[in-house]
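Analysis of the macromolecular model
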Amino acid sequence: MKQTKQQPNAGKVVPFTGEFYPVIDSTPTADKTPAYLVIIAAALVAGLSLGAIFTYQSADQVQLREMKAHSQQLEQVKNQVCR
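Quick look at the structure, then. The structure presented is a predicted model; accordingly, all values stated were derived computationally and were not measured.

Some points on the overall build of the chain
A count of helical and extended segments in the chain gives two helices and two strands. In sequence order, the chain lays out its α and β elements as β-β-α-α. Expressed as a percentage of its 83 residues, the buried residues of the chain come to 1%. Only carbon and sulfur atoms are counted for the fraction: they give 62% of the accessible area of the chain, which is about 8400 Å².

A few points about the environment of arginine 65
In this fold, arginine 65 is placed in helix H2 (residues 59–81). Separated by 2.9 Å, the side chain of arginine 65 and the backbone oxygen of tyrosine 56 make a polar contact.

What counts and how
- Residues numbered from 1 in each chain as written.
- Predicted model: local features only at pLDDT ≥ 70, side-chain atom pairs only at ≥ 80, totals over all residues.
- Heavy atoms only, no water.
- Helix = DSSP H or I, 4+ residues; strand = E, 2+ residues; numbered from the N terminus.
- Buried < 20%, exposed > 50% of the residue type's maximum accessible area, 1.4 Å probe, protein only.
- Areas by Shrake-Rupley, 256 points an atom, 1.4 Å probe, with all protein chains shown as cover.
- Polar contact = N/O pair within 3.5 Å; in protein donor to acceptor, adjacent residues only side chain to side chain.

What follows is the structure in structure tokens.
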């Protein structure tokens, strides 16, 4: 008797009746939407943190912080002299 090879996922033939039933894969597919949302959220947080770092270290912000420090020092000297 000659044996024929069945193709994978080709289907099943019921003996005696000859009816053909396709094979239904019963493994559920994973939903990848939460993974994409996590990646997008991580990219957003990384972008915001980099933006904050670059803004904090910009020349204008450094100069503003130095001017505030000098203003506080001048205020302290003014309070000491005017007592």
